[in-house]
Amino acid sequence: MVPNNSTILTQDRRARVATLFRNAALILLLLGLILPFAAFIINSLAFRWFYPQLVPNEWSLEAWNSVLNDDLFEAFYNSVVIAVGVTIVSIIIGIPASRAMGLYQFKGKRFVEFLILAPTIVPGIAVAMGLNINFLRWNLAGEIFGVGLVHLVPVMPYVVLTLSGVFANYNPEYEQQARTLGAGPIRTFWYVTFPAIFPGLVVASLFAFLVSWSQYILTFLIGQGRVITMPVLLFTTIPGGKNPNIASMSLVFIAPAVLILLLSSRYLSGESNTVGGFGQV
Amino acid sequence: MTHVILDKIQKVYPGSITPAVDDFSLDIPTGKLVAFLGPSGCGKTTTLKMIAGLINPTAGRITFDDENILPIPSEKRGAVMVFQNYLLFPYMSVGDNVGFGLKMRGVDKNIIQQKVHQMLELVKLPDIVKRRPAQLSGGQQQRVALARALITEPRVLLLDEPLSNLDAHLRDEMRDLILTIQRELKVTTVFVTHDQEEAVLLADQIALIFDGLLQQYVSPAEFYQRPISERAARFFGGVNFIPAQRHNGSIKTNIGEFHFDATQSETAPTGNTMLTIRPEQIRLNDGSPTNVIKGRVRECIYVGTYTRYKILIGSHEVEAIRGADLPGLINVGDEVDVHFPSDRIWIVPQS
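Everything quoted here is computed from the prediction, not taken from an experiment.

### Considerations on the overall build of chain A
- Counting its regular elements, chain A contains 12 helices and 2 strands.
- From first element to last, N terminus to C terminus, chain A shows the α and β order α-β-β-α-α-α-α-α-α-α-α-α-α-α.
- In summary, chain A has a C-alpha radius of gyration of 24 Å against a globular reference of 19 Å for 281 residues, an excess of more than 25%.
- Here the C-alpha coordinates of chain A stretch approximately 75 × 70 × 35 Å along the principal axes.
- A burial count over chain A gives 32% of its 281 residues as buried.

This is the structure:
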């Protein structure tokens with residue numbers, strides 16, 4: 001059927017309205033993401049800012065000067081060490097666990113699934129209180145290692161959930177194919193399994209890093225106040241009430257997360273066959 | 001160029017009581033093409049994967065040229081498998097896919113490149129080295145998978161349903177290609193299929209497998225002429241089965257008595273048996289004086305090169321096929337002389 005003029009017009013109008021809505025949504029989304037940052041940046045540079053001025057009366061780098069000190073560097077360093085370590089360990093544990101969850105059917109699978117997901121339901125503070133006693137007994141409390149270990153509790157569900165999705169779409173016969181072509185187990189993993197699950201690994205690592213990076217309560221309780229990470233430092237700064245200092249420290253806290261998100265964005269988009277094994281071949 | 005022997009192979013999967021494959025012995029001669037034929041779930045793919053080293057048998061031995069290969073891991077066995085859905089590595093180019101096996105053996109890059117070209121030429125797909133598997137058609141993917149398997153000069157080539165994913169016209173092409181390459185390289189080849197036509201088209205010898213047990217291991221023609229059981233005969237398209245009692249050289253059925261050829265009289269089963277004869281072996285109105293019985297044509301199905309007749313003999317219906325160029329018209333309702341040639345009648349035990 002050949003569409004007459006009026007239907008072409010309505011289609012055209014409909015398309016224009018759709019574009020309008022899409023652009024409006026995009027602008028709102030960007031505003032929602034950028035405005036808090038703008039507020040942080042302006043605040044961090046404000047020296048004197050009195051009501052009802054829209055922008056500060058005087059600008060200064062003083063807040064940055066006072067915030068960028070050894071305490072912050074140490075906290076930043078601790079946070080990076082813990083988050084990177086937790087990410088690596090969680091991925092190493094997560095790959096075989098997710099493979100089992102995604103590929104195989106076994107007795108008690110539902111129960112194991114529940115156990116893995118439990119940390120997302122049980123309040124972190126309850127876990128930390130219980131673990132604290134044992135960690136004290138094992139001399140893990142107050143140590144970076146102990147803090148990293150306890151971070152694995154909230155991190156593992158994210159890693160296993162993401163990766164089991166990958167393995168659910170994964171055909172293990174590719175590995176058998178590589179084996180019969182002469183690849184041993186290690187090279188089979190490197191040449192076949194790893195490339196297939198790589199996009200999923202990126203996404204899982206991102207979750208692992210971010211969840212560990214933003215832990216406060218677990219770090220505070222298990223670290224005994226001796227392991228200072230970025231969130232811990234931030235929480236002790238907030239009651240001081242110095243807005244410029246809080247703002248600049250928050251920016252330092254957020255920066256790595258934003259950076260990592262930008263670097264891995266192409267694996268997060270739906271277009272790459274992310275989180276999907278080999279996808280459609 | 002490898003002589004493969006399976007010796008009383010058994011596989012019991014964990015958590016299962018009945019073995020997937022049991023007491024399976026087979027001699028696969030050097031350079032031959034052997035088919036494992038059976039319905040899905042009969043254990044044929046399990047057996048193939050046991051030869052490849054991807055599944056370990058619970059009991060038994062597998063030897064390549066009298067060498068026990070069970071302790072040798074899959075990657076060192078030289079038994080390369082081509083899977084049903086080709087499994088080309090999607091993130092590698094066609095060239096890298098074909099060269100994969102040589103790369104794993106640490107062969108020099110330039111030699112790999114040369115060999116890849118040779119192999120792609122052999123499967124008649126030059127000029128696609130740089131393409132991605134996703135850009136290829138199913139038939140092309142299949143041929144690339146074959147090239148990837150053959151480049152390592154495997155001792156044994158294992159094919160999983162090599163023709164079943166292809167269109168009818170591609171099947172013939174692929175069949176010719178596999179046969180040509182197999183004859184040229186003389187590589188011992190085993191393939192698995194559930195389709196008797198695919199098995200007959202390709203194989204020198206067919207191993208028929210039901211429920212994890214080897215039923216019969218003979219040439220394709222033999223399966224048509226001398227099936228071992230009613231089930232085997234039905235699997236090969238047999239449709240005419242008449243309950244029979246044998247008395248030396250003749251058999252009694254409730255539609256009449258027939259003589260049958262002496263060659264089977266020694267080995268033929270006794271007791272409750274079935275007389276079977278293939279539709280194309282029945283002669284109609286051919287003037288034979290013996291082994292003839294009157295029947296009435298109930299249905300004619302014209303297929304072009306031949307016509308299929310359903311003929312009622314007493315209470316029994318038999319199916320016969322007759323070439324299109326034979327003289328004399330036969331129509332529905334006609335009375336015909338149905339001739340069961342004595343050397344074509346075959347007797348199987350009743351199942």
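### Concerning the overall build of chain B
- The secondary structure content of chain B amounts to 10 helices and 20 strands.
- Summarising its shape, the C-alpha atoms of chain B cover approximately 75 × 45 × 35 Å along the three principal directions.

### Digging into the confidence of the model for chain B
- Mean pLDDT over chain B works out to 89, with 98% of the residues at or above the 70 mark.
- The complex model carries a pTM of 0.79, and its ipTM stands at 0.83.

### As for the nonpolar core
- By size, the foremost hydrophobic cluster in this structure holds 145 residues, and its most contacted members are Ala35, Ile51, Ala147, Leu158, Val190 and Ala207 of chain B.
- Apart from residues no more than four positions distant in its own chain, Ala147 of chain B is found in contact with Val98, Met119, Leu120, Leu122 and Val123 of chain B.

### Thoughts on the interface of chain B and chain A
- If you look at the interface, chain B gives 20 residues, while chain A gives 15 residues.
- Tallied by class, the residues present in the side of chain B that touches chain A amount to 14 nonpolar, 3 polar and 3 charged.

### Regarding the pairing of strand S17 (residues 306-313) of chain B
Residues and elements named next belong to chain B.
- Pairing of strand S16 (residues 292-302) with S17 involves 6 bridges; the strand directions are antiparallel. In the sheet register, Val297 faces S17, and the bridge partner there is Ile311.
- Once S16 ends, the chain turns through 3 residues before running back antiparallel as S17, passing Gly304 with a positive phi of about 115 degrees.
- As paired strands, S17 and strand S18 (residues 316-323) are joined by 8 bridges and run antiparallel to one another. Residue Ile311 lies in a different strand from S18, and its bridge partner there is Val318.
- The hairpin formed by S17 and S18 contains 2 residues between the paired strands, and Gly314 there has a positive phi angle of roughly 60 degrees.

### Things to note about helix H6 (residues 144-168) of chain A
Residues and elements named next belong to chain A.
- The end-to-end C-alpha distance of H6 is 35 Å, a good match for the 36 Å that 25 residues give at a rise of 1.5 Å each.
- At Val155, H6 shows its largest kink, close to 45 degrees, and the proline Pro157 lies no more than four residues downstream.
- Within H6, 20 of the 25 residues are buried, which leaves it mostly tucked inside the rest of the structure.

### Thoughts on helix H1 (residues 44-52) of chain B
Residue and element names in this part refer to chain B.
- Most of H1 sits out of view: 9 of its 9 residues are buried.
- Listed as buried for H1 are Lys44, Thr45, Thr46, Thr47, Leu48, Lys49, Met50, Ile51 and Ala52.
- One or two positions beyond H1, positive phi appears at Gly53, with a value near 90 degrees.

### Focus: the packing of helix H3 (residues 70-103) of chain A against helix H8 (residues 185-213) of chain A
Residue and element names in this part refer to chain A.
- Look at H3 against H8: their axes get within 8 Å of each other, and the N-to-C directions meet at 140 degrees. What the angle tells us is that H3 and H8 run oblique. Handedness of the crossing formed by H3 with H8: right-handed. In this structure, H3 uses Ser79, Ile82, Ala83, Val86, Thr87, Ser90, Ile91 and Gly94 to contact H8, whose residues at the interface are Leu201, Ala204, Ser205, Ala208, Phe209, Ser212 and Trp213.
- Residues that form the contact of H3 with H8 fall into these classes: 9 nonpolar, 6 polar and no charged.

### Some details on the environment of Pro341 of chain B
Residues and elements named next belong to chain B.
- Mapped onto the secondary structure, Pro341 falls in the loop between strand S19 (335-339) and strand S20 (346-349).
- A C-alpha to C-alpha distance of 18 Å links Pro341 and Leu312, two positions 29 residues apart in sequence.
- Once you skip the residues sitting within four places of it in the chain, Pro341 turns out to touch Gln281, Arg283 and Asn291.

### What to know about the sheet that holds strand S15 (residues 283-284) of chain B
- Reading across the sheet, the 5 strands line up as S15-S19-S16-S17-S18 (chain B) and stay open at both edges, with antiparallel pairing between neighbours. Every interior strand has two partners, whereas the edge strands, S15 and S18 of chain B, have only one.

### Some details on the packing of helix H5 (residues 124-137) of chain A against H6 of chain A
All names here are of chain A.
- The interhelical angle for the contact between H5 and H6, taken along N-to-C directions, is 145 degrees, at an axis separation of 11 Å. As for how H5 packs across H6, the hand of that crossing is right-handed. Counting all contacts with H5, which are made through Gly124, Val127, Ala128, Leu131 and Phe135, the residues of H6 involved are Gly146, Val150, Val153 and Pro154.
- Considering only residue class, the contact of H5 with H6 consists of 7 nonpolar, 2 polar and no charged.

### A word on the confidence of the model for chain A
- Confidence in the prediction of chain A, expressed as mean pLDDT, is 84, and 92% of residues score 70 or more.
- Taken as a whole, residues 271-281 of chain A scores under 50 in pLDDT and shows 30 contacts with residues more than four places along the chain or in a different chain.

### Side note on the pairing of strand S1 (residues 4-11) of chain B
All names here are of chain B.
- The pairing of S1 with strand S2 (residues 21-28) spans 5 bridges and is classified as antiparallel. Each residue of the ladder has a partner; that of Ile5, found in S2, is Asp27.
- The pairing of S1 with strand S4 (residues 59-64) spans 5 bridges and is antiparallel. Among the inter-strand pairings, Ile5 is bridged to a residue of S4, identified as Thr63.

### Focus on the sheet that holds strand S9 (residues 205-210) of chain B
Residues and elements named next belong to chain B.
- Spatial ordering of the open sheet is given by S6-S7-S8-S3-S9-S10, a layout of 6 strands whose pairing is mixed. What marks the edges here is a single partner per strand, and that holds for strand S6 (79-82) and strand S10 (213-218). The mean inter-strand angle of the sheet, taken between neighbouring strand axes irrespective of direction, is 20 degrees.
- When strand S3 (residues 33-37) meets strand S8 (residues 188-193), the two strands line up parallel, connected through 5 bridges. Counterpart to Ala35 in the pairing with S8 is Phe191.

### Section: the environment of Ser98 of chain A
Residues and elements named next belong to chain A.
- Within the fold, Ser98 resides in helix H3.
- Owing to 26 C-beta atoms within 10 Å, Ser98 belongs among the buried residues under this scheme.
- Sequence separation between Ser98 and Leu261 is 163 residues, and the spatial gap between their C-alpha atoms is 23 Å.
- When near neighbours in sequence (up to four residues on either side) are disregarded, Ser98 contacts Val160, Leu163, Ser164 and Phe167.

### So, unusual backbone geometry
- Phi is positive for Gln224 of chain A, which is not a glycine, with a value near 60 degrees.
- When you line up the elements, Gln224 of chain A lands in the loop between helix H9 (217-222) and helix H10 (230-237).

The rules behind these values
Residues numbered from 1 in each chain as written. Chains lettered and ligands numbered in written order. Predicted model: local features only at pLDDT ≥ 70, side-chain atom pairs only at ≥ 80, totals over all residues. Helix = DSSP H or I, 4+ residues; strand = E, 2+ residues; numbered from the N terminus. Rg over C-alpha atoms; globule rule 2.2 N^0.38 Å. Buried ≥ 20, exposed ≤ 12 C-beta atoms within 10 Å, placed from the backbone. pLDDT = per-residue confidence, 0-100. Core = buried A, V, L, I, M, F, W, Y, C linked by C-beta atoms within 7 Å. Contact = placed C-beta atoms within 7 Å. Nonpolar A, V, L, I, M, F, W, Y, C, P; charged D, E, K, R; others polar. Pairing = 2+ DSSP bridges. Expected span 1.5 Å × (residues − 1). Bend = angle between axes of the 7 residues up to and from the residue. Axes fitted to C-alpha atoms, helices over the stretch in contact; angles between N-to-C directions. Parallel < 35°, antiparallel > 145°, perpendicular 65-115°, else oblique. Left-handed = near helix turned anticlockwise from the far one by under 90°.

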